[in-house]
Amino acid sequence: MAAAGAVSGKIIYEQEGVYIHSSLGKTNDQDSLISGILRVLEKDAEVIVDWRPLDDAIDSSSILYAGKDSSSVVEWTQAPKERAHRVAEHLNSYEAEWDMVNTVSFKKKPHTNGDAPSHRNGKSKWSFLFSLTDLKSIKQNKEGMGWSYLVFCLKDDVVLPALHFHQGDSRLLIDSLEKYVALCESPQDKRILLVNCQNKSLSQSFENLLDEPAYGIIQKIKKDPYTATMVGFSKVTNYIFDSLRGSDPSVHQRPPSEMADFLSDAIPGLKINQQEEPGFEVITKIDLGERPVVQRREPVSLEEWTKNVDSEGRILNVDNMKQMIFRGGLSHALRKQAWKFLLGYFPWDSTKEERTQLQKQKTDEYFRMKLQWKSVSEEQEKRNSRLRDYRSLIEKDVNRTDRTNKFYEGQDNPGLILLHDILMTYCMYDFDLGYVQGMSDLLSPLLYVMENEVDAFWCFASYMDQMHQNFEEQMQGMKTQLIQLSTLLRLLDSGFCSYLESQDSGYLYFCFRWLLIRFKREFSFLDILRLWEVMWTELPCKNFHLLLCCAILESEKQQIMEKHYGFNEILKHINELSMKIDVEDVLCKAEAISLQMVKCKELPQAVCEILGLQDSEVTTPDSDNGEDENVGMTICPPSAFQSNSLPVLTASGGRDDNPTEIPVSPNVSRLTPA
């Protein structure tokens, strides 16, 4: 990836008086202390750590550099003469170093011997620079033991010379690096900071969710899959494939399963469609029949809601109310009240007086938890690294969550203070999970609607009960959902699945962000309010959000296949759908898919389990009588929704004032979990 022209790097950190002690035992040796300058620079989303002696006569041919490619093997070597010549031309500029980094060719570390490269002079041989993506760990000195120093260890255990900070402030460097990578103490040695440890690498997932270019994405997927799949793919280039293929044109043909192997290594246990798995049902091509036309209605109005409330405040006919919410959502004036029921904060059968008492109880409980972190002194927090980490992540996230929304825009916004306080209090509520970046995305719409700190907290806690597995270290929730999504998509369109697999995309990684934060970054803020309240009805089946994924992918299938998109084009295309998806159209298509599956007489057991459907001996809506022709079949009950006379939306998004009734068998009960 050669640099085009002179490009200056942005200096993130700079410190003079950083020494290498080349010969600690020889105090008379003039080279025993080599003074240098340490910089951290950013260029094209690549972060470089650079140290060089404060010596203008440096021999640029001896500057060390680290190469990198998908194999993650690093070798320190001398710059070739042609590079040295170019470096010498710009001896005092950063363009020299950046050119060298960007044009470095990768060489695997030789296994025949461990001889280090030779150098002509004492000082310049210590100069080095490396990409932050190659950093494995940082070793610190024991507290109170002389000058502070740091030792960088790269991948494949390449250890660089210790850097001694004679003027102190080594912590500032660590703070600068933590803006780009997650660091945590090694369980074996607290002096060692490990890069991208699992819990904190998960927290880094949303660092630049939409903005980070996909430079080095293959390496990132292999090294840190959680973070890698969260980056924005809007700037994906063929560099991805180039880094896999190398510079030799004769090897430009990738092995078909190369990407699958990378992802399989990255997330053990995530095996999707690559081979038959023991204990799993093999889904062959099944005729699902004709897909029904689905229409949507107007949002539930305040008047409709009020008609379904008795004199003591109980909600009447809860199932019917959920059906109406599923089919049309809620008018905004209703959301503050109805969301508390949908999320389980208020029981559906509670009276108004019972809810008032519950709110008083929950208010006391909330402020007791809030007081726990509010009362922690600065001295106490210095001895509580987890609380410090949670606070740091929350403060960072809050300052960039939905800032274009008027509820959160501007400086010193009270909405931001509430976001911060609720998230900190949640750390007291669930200290094991604490805070992971991305959780602020789930809270923001809740606080916007509730306009109340306590109510927003308890709604958020209920939502997190549903989403908890998405944020756990082992990623089990995400693995399961990706496998389930693949199963559903294969049933709907095995040809499309085969095409995705042929492009190393069978793992559906491009859906990762959709699932992790329930489409929060894919739809506009107001559309997310509609989408979430529909999903919270838990209708028409379990895992309806997976059918929403299927509906979106089905809409994009033609373009992806006709234009022969490859791996990086698919990632780029899916990412660029953000804010361009019609929420009502997707809801129509997803419900139509659920009805189509319901009518299928031989739906695979694996699919029934995913959608929470029971094996039933029922009569399908299009059966003429109640004969037992379906006995023994796995029948998924059709939607229990009845249309009504209110205006509806057709699948194309248009309104229809004379909707067609969707027939429903009287023998069919509401879908129940398996």
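Everything discussed here concerns the structure shown above.
Computed from a predicted model, the values in this text were never measured in an experiment.

1. With respect to the overall build of the protein
Okay, so step 1: Across its full length, the protein carries 25 helices and 14 strands.
Okay, so step 2: In the form shown here, the protein has an accessible surface area of approximately 30700 Å², with 48% of it arising from carbon and sulfur atoms.

2. What to know about the sheet that holds strand β7 (residues 135-140)
Okay, so step 1: Strands sit in the order β6-β3-β2-β1-β9-β8-β7-β11-β10 across an open sheet of nine strands; the sheet is antiparallel. Edge positions in the sheet fall to β6 (128-131) and β10 (183-185), since each has one partner strand and no second. Ignoring strand direction, the axes of neighbouring strands in this sheet form an average angle of 30°.
Okay, so step 2: Here strand β3 (residues 46-53) runs beside β6; their pairing, made up of four bridges, is antiparallel. Residue pairing across strands places Asp50 opposite Leu129, the latter belonging to β6.

3. Some thoughts on the environment of Glu609
Okay, so step 1: By the element assignment, Glu609 lies in helix α25 (residues 605-611).
Okay, so step 2: Placed 125 residues apart in sequence, Glu609 and Gln484 show a C-alpha to C-alpha distance of 9.7 Å.

4. As for unusual backbone geometry
When glycine is set aside, most residues are seen to have a negative phi, and most peptide bonds are trans.
Okay, so step 1: That bond from Leu539 to Pro540 is cis: its omega, 0°, falls within 30 degrees of zero.
Okay, so step 2: As for its position among the elements, Pro540 is in the loop between α21 (525-536) and α22 (544-562).
Okay, so step 3: Notably, Leu508 is not glycine yet its phi reads approximately 55°, a positive angle.
Okay, so step 4: Within the fold, Leu508 resides in the loop between α19 (494-502) and α20 (512-516).
Okay, so step 5: Although it is not a glycine, Arg518 sits at a positive phi angle of roughly 50°.
Okay, so step 6: In this structure, Arg518 sits in the loop between α20 and α21.

5. Observations regarding the pairing of β7
Okay, so step 1: Where β7 and strand β8 (residues 148-154) come together, five bridges link them in antiparallel fashion. Among the inter-strand pairings, Leu135 is bridged to a residue of β8, identified as Leu154.
Okay, so step 2: Where β7 and strand β11 (residues 192-195) come together, three bridges link them in antiparallel fashion. Looking at β11, one finds that Lys139 is bridged to Ile192.

6. Some remarks on the nonpolar core
Okay, so step 1: By size, the foremost hydrophobic cluster in this structure holds 118 residues, and its most contacted members are Phe519 and Met597.
Okay, so step 2: Listed in part, the 28 residues of the second largest apolar core include Trp51, Ile138, Leu173 and Val195.

7. Some remarks on the packing of aromatic side chains
Okay, so step 1: According to the stated counting rule, one finds 28 aromatic pairs in the structure shown.
Okay, so step 2: On the basis of an interplanar angle of 65° and a centroid distance of 5.3 Å, the ring pair of Phe326 and Phe544 is categorised as edge-to-face. Of the two residues, Phe326 sits in helix α10 (residues 318-328) while Phe544 sits in helix α22, which places them 218 residues apart along the sequence. Each member of the pair, Phe326 as well as Phe544, carries the same accessibility label: buried.
Okay, so step 3: In this structure, Lys362 packs its charged tip against the face of Trp458, placed 4.1 Å from the ring centre.

8. A short note on helix α24 (residues 583-599)
Okay, so step 1: With 17 residues, α24 ought to run about 24 Å at 1.5 Å a step, and its terminal C-alpha atoms sit 25 Å apart, in line with that.
Okay, so step 2: For α24, a buried count of 15 out of 17 residues is recorded, marking the element as mostly surrounded by other parts of the structure.
Okay, so step 3: Looking at where α24 begins, the residue whose side-chain oxygen comes 3.0 Å from the main-chain nitrogen of Glu584 is Asp582.

9. What about the pattern of salt bridges?
Okay, so step 1: Taken as a whole and assessed by the stated rule, the structure comprises 30 salt bridges.
Okay, so step 2: Between Glu178 and Arg171 there is a salt bridge; the shortest N-O distance is 3.3 Å.
Okay, so step 3: Classification of Arg171 as partly exposed rests on a relative accessible area of 43%.
Okay, so step 4: One salt-bridge network, held together by shared partners, links Arg296, Arg335, Arg530, Glu533 and Glu584.

What counts, and at which threshold
- Residues numbered from 1 in each chain as written.
- Predicted model: local features only at pLDDT ≥ 70, side-chain atom pairs only at ≥ 80, totals over all residues.
- Heavy atoms only, no water.
- Helix = DSSP H or I, 4+ residues; strand = E, 2+ residues; numbered from the N terminus.
- Areas by Shrake-Rupley, 256 points an atom, 1.4 Å probe, with all protein chains shown as cover.
- Pairing = 2+ DSSP bridges.
- Axes fitted to C-alpha atoms, helices over the stretch in contact; angles between N-to-C directions.
- Core = buried A, V, L, I, M, F, W, Y, C linked by side-chain atoms within 4.5 Å.
- Buried < 20%, exposed > 50% of the residue type's maximum accessible area, 1.4 Å probe, protein only.
- Phe/Tyr/Trp six-rings, centres within 6.5 Å; stacked < 30°, edge-to-face > 60°.
- Lys NZ or Arg CZ within 6 Å of the ring centre and 35° of its normal.
- Expected span 1.5 Å × (residues − 1).
- Polar contact = N/O pair within 3.5 Å; in protein donor to acceptor, adjacent residues only side chain to side chain.
- Salt bridge = Lys/Arg side-chain N within 4 Å of Asp/Glu carboxyl O.

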